[in-house]
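Descriptive structure summary
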2 protein chains.
Amino acid sequence: MAETSGDGVVAALTEALGELVLTEPSLRAEKAQDRSYHRGEPPLAVVQPRSTDEVADAVRICSLHSTPVVPRGSGTGLEGGSTTSAQSICLDLSQMDQVLEVAADDMYARVQAGVMKSSLNAALQPHGLMFPVGPGVDASVGGMTSTSASGTTAVSYGTLKENVIGLTAVLADGTVVTTGGITKKSSSGYDLTHLLVGAEGTLGVITEVTVKVHPIPETAQVSIWSLPTLAAAAELVVAALRSSLRIARVELLDELTVGALADYNGMTFPVAPTLMVEFEGTASDVAAQFAQFRTLAETYAATLADEATEVEESARIWQARHDALPASLSLVPGSTPMISDVCVPISQLAEAVLAAKKDVDDAGLIASIVGHVGDGNFHVAYVLPPEDPETFEKAKAINQRVVARALEAGGTCTGEHGIGSGKVASMAKEHASAIPAMQAIKQALDPQNIMNPGKVVPPRPHP
Amino acid sequence: MAETSGDGVVAALTEALGELVLTEPSLRAEKAQDRSYHRGEPPLAVVQPRSTDEVADAVRICSLHSTPVVPRGSGTGLEGGSTTSAQSICLDLSQMDQVLEVAADDMYARVQAGVMKSSLNAALQPHGLMFPVGPGVDASVGGMTSTSASGTTAVSYGTLKENVIGLTAVLADGTVVTTGGITKKSSSGYDLTHLLVGAEGTLGVITEVTVKVHPIPETAQVSIWSLPTLAAAAELVVAALRSSLRIARVELLDELTVGALADYNGMTFPVAPTLMVEFEGTASDVAAQFAQFRTLAETYAATLADEATEVEESARIWQARHDALPASLSLVPGSTPMISDVCVPISQLAEAVLAAKKDVDDAGLIASIVGHVGDGNFHVAYVLPPEDPETFEKAKAINQRVVARALEAGGTCTGEHGIGSGKVASMAKEHASAIPAMQAIKQALDPQNIMNPGKVVPPRPHP
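Residues numbered from 1 in each chain as written. Chains lettered and ligands numbered in written order. Predicted model: local features only at pLDDT ≥ 70, side-chain atom pairs only at ≥ 80, totals over all residues. Heavy atoms only, no water.

1. Observations regarding the overall build of chain A
Each helix and strand counted, chain A has 17 helices and 18 strands in total. Seen through its principal axes, chain A has C-alpha atoms that stretch 65 × 55 × 40 Å. For chain A, with 463 residues in total, the buried portion stands at 60%. Excluding contacts between residues fewer than 6 apart, the proportion of contacts in chain A whose partners are at least 24 apart in sequence is 72%. Accessible area for chain A stands at about 16,300 Å²; split by element, carbon and sulfur atoms hold 54% of it. Treating the 30 positive side-chain charges of chain A as one cloud and the 53 negative ones as another, the clouds have centres 4 Å apart. (Helix = DSSP H or I, 4+ residues; strand = E, 2+ residues; numbered from the N terminus. Buried < 20%, exposed > 50% of the residue type's maximum accessible area, 1.4 Å probe, protein only. Contact = heavy atoms within 4.5 Å. Areas by Shrake-Rupley, 256 points an atom, 1.4 Å probe, with all protein chains shown as cover. Lys, Arg positive; Asp, Glu negative; His and termini not counted. Charge placed at Lys NZ, Arg CZ, Asp CG, Glu CD.)

Set out below in structure tokens:
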């Protein structure tokens with residue numbers, strides 16, 4: 001039975017875990033939400049375990065008190081996946097920051113859930129290896145796994161789904177399970193690994209992750225292309241994907257983003273629909289691919305705006321892409337973002353982006369559009385001025401239209417940001433026939449509904 | 001309540017589905033098992049639906065009669081995944097043979113479960129596309145999906161897991177669910193697609209599959225290399241995987257297999273541990289990769305035994321690989337195979353293979369060893385003479401030792417053949433901590449335990 005005061009569960013947690021249980025109001029307030037516009041309420045306490053066993057202890061105690069458990073990684077989520085309620089416990093995994101194993105010959109790494117992508121890459125670099133998957137912002141491996149994140153490299157390396165091969169997780173009753181393994185493939189039994197990837201902590205708390213790692217390429221070359229129209233950009237991407245080219249990354253920036261970047265960090269390209277294209281491999285291979293792409297690009301009237309083969313210059317150019325959101329926000333002082341994250345079949349991309357752009361323009365909003373266009377995934381980042389409920393409501397309405405059109409086009413309401421608390425209703429529309437099965441699985445693994453309740457899967461109607 | 005005669009369920013199926021319900025004894029006997037040594041009992045009837053709705057009708061009727069449903073694709077399984085019991089219904093999906101959609105620009109295809117890999121490729125070829133994943137033998141897409149199959153191309157294209165993006169399935173109560181979608185990525189909700197991939201029909205009957213498809217490469221070049229030792233072969237593969245090379249396929253054949261092939265199809269290579277290595281891409285890219293690999297191979301004292309860049313010549317060489325099993329069986333007239341299918345971290349591969357070889361030699365058995373060595377996956381194919389229970393028991397004992405050593409090395413009891421009825425006990429060892437969660441999911445989705453019972457997941461103890 002849930003306690004309304006929460007004193008009992010906090011006392012029990014403190015008895016078991018001591019100073020790992022924190023109740024300072026400022027910390028509780030800080031951990032109540034992620035980077036999105038979704039707001040939570042300060043939780044009863046913030047627990048900062050350092051091991052799977054400590055997570056298991058915490059979850060077992062919460063289970064005994066029927067207290068909701070909200071896991072949290074680096075707090076960089078964009079759909080309210082880690083927002084807490086006043087009666088919940090925040091399980092802050094940021095102290096689980098140990099890289100447990102780098103198996104260079106077997107090309108996997110095993111990390112605690114709180115390890116940041118940058119820390120993992122620092123551990124891999126001496127072995128000539130890397131973990132290239134994830135968002136532009138640095139984030140925890142556990143959080144990225146829980147939201148099935150991806151980013152600019154998914155077109156070549158896949159998402160977290162394709163790169164996680166095993167997990168350790170704590171289930172709702174406090175039992176610890178290990179799923180998957182360390183081999184490159186397996187067909188042994190139910191794939192619990194991928195049931196937990198993207199479940200956002202609603203079926204269990206991910207405490208350790210085993211990921212595939214990849215050789216650092218000898219060379220990478222990024223080039224920037226200006227296109228006459230968005231449709232031409234999309235067509236060029238489809239043609240490149242269907243060719244023998246192996247695209248490492250291909251990103252779309254709209255005119256507003258290009259303009260904002262010039263003001264923000266001095267990157268000046270022609271104000272036009274812009275593609276950033278990267279090839280990886282040996283120097284000769286990259287040169288040959290670039291030449292082949294140039295020929296293709298010219299048939300779509302693309303013009304080369306910039307290119308870089310040196311590591312530093314490439315990093316500077318990619319920083320421009322990662323600055324897209326802050327650059328757009330800098331157009332309106334004090335603003336916060338709301339971000340659409342739909343993914344459509346690539347053949348539908350130009351139409352979907354143009355329709356979103358028209359909605360934004362018709363409503364008089366400021367919003368940048370960027371896309372992982374090789375995957376058909378694009379973001380509309382609505383810039384929300386402070387204390388402006390009218391703009392907020394307008395953005396929300398457009399976001400819903402963007403999602404509705406994506407679903408009509410056979411797409412998904414979220415390519416990589418997850419469902420969180422923001423897209424539960426959209427998911428119910430997207431997966432209408434599968435929701436009862438999802439609810440049955442949730443009920444089977446979390447009968448008290450204490451694992452990040454209210455996120456991802458709509459509640460099951462009580463009989 | 002299950003009926004002992006089965007007359008009721010067959011009558012009800014016949015009333016609903018008419019001539020799709022077949023009860024000829026010879027057909028029932030034929031559909032009682034797959035290609036493995038596992039034997040089933042003739043089922044009550046064989047139902048051959050042509051649509052998802054007909055599958056749903058059949059499952060609903062079986063559910064009402066508490067009658068087990070055993071789905072069957074092309075019947076090419078190797079672990080008894082589709083063996084039937086005398087009280088079950090065989091749901092033979094081979095008539096569901098329609099390619100429903102080829103989306104060339106969006107690079108996916110949607111097929112009915114019974115479509116053969118060869119038929120899918122015939123439909124894709126005019127678009128310059130292919131579906132390269134799957135075993136050497138032709139098999140149904142639904143069956144490959146259900147067993148999480150892979151084959152020689154997994155090292156570059158992944159397994160069925162990485163290539164299935166959406167499914168239609170019929171659950172135990174006859175409801176139809178669609179999972180996943182047609183986009184390249186999504187982070188919306190529980191990944192039911194990958195819960196069903198590899199579940200071998202124990203959670204639902206897969207009726208339609210949406211797969212990623214890939215451009216046909218401009219050129220492919222296969223070369224055959226003789227190595228001084230098995231350990232040298234494994235070390236060369238690790239070095240190649242960690243380099244900038246992009247290996248399309250890399251297969252290991254042991255001396256016995258090489259010798260058997262010479263007799264069987266006249267392919268003569270030096271009798272030595274042998275690697276078949278393929279590169280794909282543009283002609284110049286392939287030539288550059290081959291030159292780089294040659295330099296690497298020579299440092300491991302590998303010698304080039306054969307090579308082919310022309311399509312016909314390559315096909316002839318790959319046929320040699322696909323003939324490995326019949327060639328080995330031809331050594332003993334009338335023999336049948338039992339096949340180990342373990343996967344280990346690649347660093348453990350040489351040791352695992354050598355230990356298996358020693359076991360085989362010590363027992364005086366005939367067994368060929370081949371491996372998808374880029375994945376750490378290898379097969380020991382024990383040649384079982386007819387009516388020879390002693391050899392059968394010896395092979396079984398070695399198979400168990402091969403699996404036990406694989407698990408000790410951090411590997412899996414099955415890389416691609418699935419669990420079926422043959423490896424349930426091994427899976428329980430491999431996933432000890434996760435079995436209760438698997439049982440809870442099975443119980444939630446199939447409370448009567450009618451979906452391919454006895455396969456994959458060990459039965460839940462009754463309270």
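Having seen the structure, we can now continue with the description.
2. Remarks on the pairing of strand β6 (residues 108–112) of chain A
Residue and element names in this part refer to chain A. With four of five residues buried, β6 is to be regarded as a mostly interior element. Where strand β5 (residues 99–103) lies against β6, four bridges are found, and the strand directions are antiparallel. Bridge assignment links Ala-103 to a residue of β6, and that residue is Tyr-108. Looking at chain direction, β6 and strand β10 (residues 205–212) are connected through five bridges and run antiparallel. Counterpart to Val-111 in the pairing with β10 is Val-209. (Pairing = 2+ DSSP bridges.)

3. Some details on the sheet that holds strand β18 (residues 377–384) of chain A
All names here are of chain A. Ordered by their spatial adjacency, seven strands build an open sheet running β15-β12-β14-β13-β17-β18-β16, and the pairing between neighbours is antiparallel. Because the sheet does not close on itself, it has two edges, and the strands there are β15 (303–308) and β16 (336–343). If you compare each strand with its neighbour and ignore which way they point, the axes differ by 20° on average. In the sheet, strand β17 (residues 367–372) pairs with β18 via six bridges, with the strands oriented antiparallel. Pairing of Ser-368 across the sheet is with Ala-381, part of β18. Across the sheet, helix α10 (residues 255–265) is in contact with β13 (249–253), β14 (274–281) and β17; its angle to β17 comes to roughly 105°. In the packing of helix α12 (residues 311–322) onto the sheet, the strands contacted are β12 (219–226), β13, β14, β15 and β17, and the crossing angle to β15 comes to about 125°. (Axes fitted to C-alpha atoms, helices over the stretch in contact; angles between N-to-C directions.)

4. A word on the packing of aromatic side chains
Evaluated as defined, the whole model comprises eight aromatic pairs over all chains. Each ring, one from Tyr-37 of chain B and one from Phe-392 of chain B, has its centre 5.5 Å from the other, and the planes form 70°; the classification is edge-to-face. Here Phe-392 of chain B lies in helix α15 (residues 389–408) and Tyr-37 of chain B lies in the loop between α2 (25–30) and β2 (45–47), a separation of 355 residues in the sequence. The partly exposed category is assigned to Phe-392 of chain B, whose relative accessible area is 24%. Members of the aromatic cluster, each reached through a chain of ring pairs, are Trp-225, Phe-279, Phe-290 and Phe-293 of chain A. In this structure, Arg-249 of chain A is placed above the aromatic ring of Trp-318 of chain A, and the distance from its NZ or CZ to the ring centre is 4.0 Å. (Phe/Tyr/Trp six-rings, centres within 6.5 Å; stacked < 30°, edge-to-face > 60°. Lys NZ or Arg CZ within 6 Å of the ring centre and 35° of its normal.)

5. A look at the pattern of salt bridges
Counted by the stated rule, this structure contains 48 salt bridges over all chains. Across the pair Lys-31 of chain A and Glu-30 of chain A runs a salt bridge, and its minimum N-O distance is 3.8 Å. By relative accessible area, Glu-30 of chain A is classed as partly exposed at 49%. When salt bridges that share partners are traced, they join Arg-246 and Asp-285 of chain A together with Arg-246 and Asp-285 of chain B into one network. (Salt bridge = Lys/Arg side-chain N within 4 Å of Asp/Glu carboxyl O.)

6. Section: helix α3 (residues 52–64) of chain A
Residue and element names in this part refer to chain A. When the terminal C-alpha atoms of α3 are compared, their 18 Å separation across 13 residues agrees well with the 18 Å that a helix rising 1.5 Å per residue should span. Those residues of α3 that fall on the buried side of the exposure criterion are Thr-52, Glu-54, Val-55, Ala-56, Ala-58, Val-59, Ile-61, Cys-62 and Ser-63. With its phi angle positive at about 50°, Ser-66 sits one or two positions after the end of α3. (Expected span 1.5 Å × (residues − 1).)

7. Some thoughts on the packing of helix α14 (residues 349–363) of chain A against helix α15 (residues 389–408) of chain A
All names here are of chain A. Running from N to C, α14 and α15 point in directions that differ by 160°, and their axes come no closer than 10 Å. It follows from the interaxial angle that α14 and α15 lie roughly antiparallel. Crossing of α14 against α15: the hand is right-handed. On α15, the residues touching Ala-355, Ala-356, Asp-359, Val-360 and Ala-363 of α14 are Lys-394, Ile-398, Arg-401, Val-402 and Arg-405. Counted by class, the contact of α14 with α15 contains six nonpolar, no polar and four charged residues. (Parallel < 35°, antiparallel > 145°, perpendicular 65-115°, else oblique. Left-handed = near helix turned anticlockwise from the far one by under 90°. Nonpolar A, V, L, I, M, F, W, Y, C, P; charged D, E, K, R; others polar.)

8. Observations regarding the relation of the copies chain B and chain A
The transform that puts chain B on chain A rotates by 180° and translates by 0.0 Å along the axis, for an RMSD of 0.0 Å. The transformation just described matches what one would write down for a two-fold rotation axis. Mapped onto chain A, 100% of the interface residues of chain B again fall at the interface, so both copies present the same surface. (Least-squares fit on C-alpha atoms with pLDDT ≥ 70 in both.)

9. Focus: unusual backbone geometry
In the Ramachandran plot, Asn-452 of chain A falls in the positive-phi region, its phi being about 45° despite a non-glycine side chain. Locating Asn-452 of chain A in the fold gives a position in the segment after α17 (435–445). A relative accessible area of 0% places Asn-452 of chain A in the buried class. One non-glycine residue, Ser-148 of chain B, lies in positive phi territory at about 55°.

10. Things to note about the interface of chain B and chain A
For an interface, size is often stated in terms of accessible area lost upon the parts coming together. Of the residues lining the interface, 82 residues belong to chain B; the matching set on chain A comes to 82 residues. Contact between chain B and chain A buries roughly 6,200 Å² in total, counting both sides, with carbon and sulfur atoms accounting for 58%. Of all residues in chain B, the largest losses of buried area upon contact with chain A belong to Lys-185, Tyr-190 and Arg-242 of chain B, amounting jointly to 16% of the total for that side. Linking chain B to chain A there are eight salt bridges. Here chain B is connected to chain A by 37 residue pairs in polar contact (both at pLDDT 80 or more). When residues of the side of chain B that touches chain A are traced back to their parent elements, those giving at least two are α7 (160–163), β9 (176–180), α8 (192–196), α9 (230–242), α11 (283–299), α16 (424–430) and α17 (435–445) of chain B. Sorting elements by how many residues they give to the side of chain B that touches chain A places α17 of chain B first, with seven residues. (Buried area = accessible area lost by both parts, 1.4 Å probe. Polar contact = N/O pair within 3.5 Å; in protein donor to acceptor, adjacent residues only side chain to side chain.)

11. Observations concerning the sheet that holds β5 of chain A
Residues and elements named next belong to chain A. In space, the five strands of this open sheet follow the order β5-β6-β10-β8-β9, with antiparallel pairing throughout. Only two strands of the sheet have a single neighbouring strand rather than two, namely β5 and β9 (176–180). Each adjacent strand pair in this sheet contributes to an overall mean axis angle of 10°, direction not counted. Strands in contact with helix α4 (residues 117–124) are β5, β6 and β10; relative to β5, the strand with the most contacts, it is inclined by about 40°.

12. Regarding the side chain of Glu-278 of chain A
Residues and elements named next belong to chain A. Summarising the element assignment, Glu-278 is placed in strand β14. A polar atom in the side chain of Glu-278 sits 2.8 Å from the side chain of Arg-249. Residues in contact with Glu-278, not counting those within four places in the same chain, are Ala-220, Gln-221, Val-222, Ile-247, Ala-248, Arg-249 and Trp-318.

13. Concerning the pairing of β16 of chain A
All names here are of chain A. In terms of burial, β16 is largely enclosed, as seven of its eight residues are buried. For β16 and β18, the ladder comprises eight bridges, and the chain directions are antiparallel. In the sheet register, Asp-341 faces β18, and the bridge partner there is His-379.

So, to be careful, I would describe these as geometric facts and stop short of saying anything about function.
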